[in-house]
Amino acid sequence: MKIKLLALFLTFFAFGAMAQKNDKVLRHVVLFKFKDNTTPAQVKQVEDAFRKLPTQIKQIKGFEWGTNNSPEGLAQGFTHCFFLTFNSEEDRAIYLPHPDHKAFGKVLGPYLDKVLVVDYWTQK
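Residues numbered from 1 in each chain as written. Predicted model: local features only at pLDDT ≥ 70, side-chain atom pairs only at ≥ 80, totals over all residues. Heavy atoms only, no water.

> Provide a residue-level description of the packing of helix α2 (residues 40-56) against helix α4 (residues 99-108), including the pertinent values.
At their nearest, the axes of α2 and α4 sit 9 Å apart, and the two run at 175 degrees to each other. Judged by the inter-axis angle, α2 sits roughly antiparallel to α4. Here Gln45, Val46, Ala49, Phe50, Leu53 and Gln56 of α2 come into contact with α4, specifically with Asp100, His101, Phe104, Val107 and Leu108. (Axes fitted to C-alpha atoms, helices over the stretch in contact; angles between N-to-C directions. Helix = DSSP H or I, 4+ residues; strand = E, 2+ residues; numbered from the N terminus. Parallel < 35°, antiparallel > 145°, perpendicular 65-115°, else oblique. Contact = heavy atoms within 4.5 Å.)

> Quick rundown of the pairing of strand β1 (residues 26-34)? Include the residues and the values.
Summarising burial for β1: seven of the nine residues are buried, a large majority. Sheet topology note: the β1/strand β3 (residues 80-86) ladder contains seven bridges and is antiparallel. Each residue of the ladder has a partner; that of Arg27, found in β3, is Thr85. The sheet contact formed by β1 and strand β4 (residues 112-121) spans nine bridges and is antiparallel. Bridge assignment links Lys33 to a residue of β4, and that residue is Lys114. (Buried < 20%, exposed > 50% of the residue type's maximum accessible area, 1.4 Å probe, protein only. Pairing = 2+ DSSP bridges.)

> Got a sec to walk through the pattern of salt bridges? Specific residues and values, please.
Taken as a whole and judged by the stated rule, the model has four salt bridges. Linking Asp113 and Lys33 is a salt bridge whose minimum nitrogen-to-oxygen distance equals 3.5 Å. Within this pair, whereas Asp113 is found in strand β4, its partner Lys33 is found in strand β1, the two being separated by 80 residues in sequence. The salt bridge partner of Asp48 is Arg51, with a shortest N-O separation of 2.7 Å. Placement of the pair is Asp48 and Arg51 together in helix α2, with a separation of three residues, close to one helical turn. One network of salt bridges, in which partners are shared, links Lys44, Asp48 and Arg51. (Salt bridge = Lys/Arg side-chain N within 4 Å of Asp/Glu carboxyl O.)

So, in structure tokens, the structure goes:
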């Protein structure tokens, strides 16, 4: 009986560990600082082009974006944050050189002053 209980406990523990591992996702955070002479229409062109990427690249599992509204004054000129989710590093590796991602870079390039990218695995 004790062996059966131990086996049952170990089975639940193993499934719990697998479920916890599967809950982790890879986040890709991208922040843009635009050149001072970039017009609102040009910024919108960049926003629209980035927003299309999840429909063009199936490896993107989650996407959200927004503009800075922090009252702390620490943004250092970065105004836009794009937040992508991938299930694996392999998915990110497909995204980075993907032709649609490269085409987006050509839209962004003339207007970009600085970019900051941080990737991380989620922790609970």
